[in-house]
Amino acid sequence: MTIEAASTAGLHPETRLVHAGTLRSQFGETSEALFLTQGHVYDSAEQCEARFLNKDPGFQYGRFSNPTVSMLEQRMAAFEGAESCRATATGMAAVTAALMSQVRAGDHVVAARALFGSCRYIIEDLLPRYGVASTLVDGTDLAAWRAAVQPNTKAFFLESPANPTLEVIDIAAVSGLAKAVGAKLVVDNVFATPLFQRPLELGADLVVYSATKHIDGQGRCLGGLVLGSKELIEGEIQIFLRQTGPALSPFNAWVMLKALETLPLRIRQQAQNATAVAKWLKGRKELPHVAFIGDPEHPQAKIIAKQMSGPSTLIAFEVAGGKDAAFRFLNKLRLIRISNNLGDAKSLIVHPATTTHQRFTPEVRASMGVSDGLIRLSIGLEHADDLIADLQQALGG
Ligand SMILES: *Cc1c(COP(=O)(O)O)cnc(C)c1O
């Protein structure tokens, strides 16, 4: 085996996404091999002992590591500019590991309140059950973050842009505060994509992805990634993952590894399509609100210009007339399909109030910016004109 990760240092991101982390076997295969194996055999009992003592490099058991999973981790770390990366079975497993590994009973977490529903469950319901208190704040208000800090605050969590409202948080400012109070900042970077926002460079300690979204990008496999310093990833996080077991299947890792080769091509095209669709939606007088990261009139355009290099592939907009009007519109669409997934090559649309954010009370939903008429649209790889034509006929011509 040869490890080629080091050889891509200093090369462009696109090059790293094709070559970084490749582990080539003795057969010299061109495409990365799928090592669909649970475990590994040893030449001797002595070698087995040395492997368990970390004195002999190599693999042991699929819950700890796997050559195909390791290729994905190294390629993603090289792309993100992180010292280390670990893959997980889902995005939520990555979020859970990132948070649980930083806290213990008696600690406190501060998080932005506009979060993906399951992330909010971890912060608001799960952690407090085990003695970790949490405070939810308006993530766009730095004074609110500061006011929420307690002597036992150990972690900050945020998502930017947030799902589904596309609200943006100043990551460098929040990270400055986290550093000042000795808390670790965890950023869920799913909506931005690894191409358009680099939270580690903005001061985050850990970045998490649902690789289910743009990284797979073709609606096939669930997966998650957590990235950061060697100390954090190969310390508490690796131990947490190894002992609790949310390992990524080698098959899913292989699909995602190959998907990384085309990530920039796909995301740039999807973002270009999203820009065209958002511009068209903004021109429709009957839509009271259209949110898009690439819109120069986005309320946080200044922060976007500072921390993002592209517009994401998501659009959020409001139809007048609440849930009934939203459902009528969704049911008329023919090409754009109703699905709660996102980041796919296929354009997908969802009504957050009755799906991803259904379990919250109307008051909480309102505080998160999720109104009854709000629609989230994930733009895919179809031609933008076909998407616009479908939206046009569904909006009534
Ligand atoms: C989908 C998503 C998750 C969870 O990822 P899974 O792979 O579904 O577990 C977390 N955060 C955000 C922002 C998401 O969109």
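- The name that an unreviewed UniProt entry assigns to the protein chain is O-succinylhomoserine sulfhydrylase, with the source organism given as Bosea rubneri.
- Per UniProt, the comment on the protein chain under Cofactor (unreviewed entry) is "pyridoxal 5'-phosphate".
- One UniProt comment on the protein chain, placed under Subunit (unreviewed entry), says "Homotetramer."

### Describing the sheet that holds strand S8 (residues 206-210)
- The mixed open sheet is built from 7 strands, whose spatial order is S3-S9-S8-S7-S6-S4-S5. Two strands in the sheet have a free side with no partner beyond their single neighbour: strand S3 (84-88) and strand S5 (133-137). Strand-to-strand twist of the sheet, defined as the mean angle between neighbouring strand axes without regard to direction, takes the value 20°.
- Running over the sheet, helix H5 (residues 117-129) touches strand S4 (108-112), S5, strand S6 (153-159) and strand S7 (184-188) and is turned about 145° from S5.
- Its contacts with the sheet put helix H9 (residues 230-244) on S3, S7, S8 and strand S9 (224-228), and the angle it makes with S3 is roughly 25°.

### Focus on the side chain of His351
- With respect to the helices and strands, the residue His351 is situated in the loop between strand S13 (348-350) and helix H14 (362-367).
- In this structure His351 comes out as buried when scored by relative accessible area, which is 3%.
- Those residues in contact with His351 that sit more than four places away from it in its chain are Lys323, Ala326, Phe327, Leu330, Asp372 and Leu374.

### What about the pattern of salt bridges?
- Going through the model one piece at a time under the given rule, you end up with 17 salt bridges.
- One salt bridge in this structure joins Lys282 and Glu297, with 2.8 Å as the shortest N-O distance. One end of the pair, Lys282, is in helix H11 (residues 263-282); the other, Glu297, is in the loop between strand S10 (289-291) and helix H12 (301-307), with 15 residues separating them in the sequence.
- Connected through shared salt-bridge partners, Glu32, Arg75, Lys258 and Glu261 make up one network.

### Overview of the state of the cysteines
- Scanning all chains against the criterion turns up 0 disulfides.
- Looking at the unpaired Cys119, the closest cysteine sulfur is the one in Cys85, lying at 17 Å.
- Taking relative accessible area as the criterion, Cys119 reaches 0% and is therefore assigned buried.
- In this structure Cys221 is not part of a disulfide, and its nearest cysteine sulfur, from Cys85, lies 16 Å away.
- The buried category is assigned to Cys221, whose relative accessible area is 8%.

### Overview of unusual backbone geometry
- With omega at -5°, the peptide bond leading from Ser160 into Pro161 counts as cis.
- Mapped onto the elements, Pro161 comes out in the loop between S6 and helix H7 (171-181).
- In this structure, the amide linkage connecting Asn163 to the following residue, Pro164, adopts the cis form with an omega of 0°.
- Position of Pro164 relative to the elements: it lies in the loop between S6 and H7.
- Of note in the backbone geometry, Asn54 takes a positive phi value of approximately 60° without being a glycine.
- By the element assignment, Asn54 lies in the loop between helix H2 (45-52) and helix H3 (67-80).
- Judged by relative accessible area, Asn54 falls into the exposed class, the value being 67%.

### Quick word on the pairing of S3
- Along S3, 5 of the 5 residues are buried, which leaves the element largely enclosed by surrounding structure.
- Of the two faces of S3, the one carrying Ser84, Arg86 and Thr88 and the one carrying Cys85 and Ala87 are both buried.

### Quick word on the UniProt feature "modified residue: N6-(pyridoxal phosphate)lysine" (unreviewed entry) in the protein chain
- The UniProt feature table records "modified residue: N6-(pyridoxal phosphate)lysine" (unreviewed entry) at Lys213.
- As for its position among the elements, Lys213 is in the loop between S8 and S9.
- According to the relative accessible area criterion, Lys213 is buried, its value standing at 12%.
- Setting aside anything within four residues of it in sequence, one finds Lys213 in contact with Val190, Asn341, Leu342 and Gly343.

### Concerning the sheet that holds strand S12 (residues 337-338)
- If you walk across this open sheet you meet the 5 strands as S10-S11-S14-S13-S12, and the pairing is mixed. This sheet does not close on itself; its edge strands, each paired only once, are S10 and S12.
- Packing against the sheet, helix H13 (residues 322-332) makes contact with strand S11 (314-318), S12, S13 and strand S14 (374-378), and its axis sits at approximately 30° to S14.

Rules used in this analysis
- Residues numbered from 1 in each chain as written.
- Predicted model: local features only at pLDDT ≥ 70, side-chain atom pairs only at ≥ 80, totals over all residues.
- Heavy atoms only, no water.
- UniProt positions renumbered as here; feature names shortened; annotations may be inferred.
- Pairing = 2+ DSSP bridges.
- Helix = DSSP H or I, 4+ residues; strand = E, 2+ residues; numbered from the N terminus.
- Axes fitted to C-alpha atoms, helices over the stretch in contact; angles between N-to-C directions.
- Contact = heavy atoms within 4.5 Å.
- Buried < 20%, exposed > 50% of the residue type's maximum accessible area, 1.4 Å probe, protein only.
- Salt bridge = Lys/Arg side-chain N within 4 Å of Asp/Glu carboxyl O.
- Disulfide = S-S within 2.5 Å.

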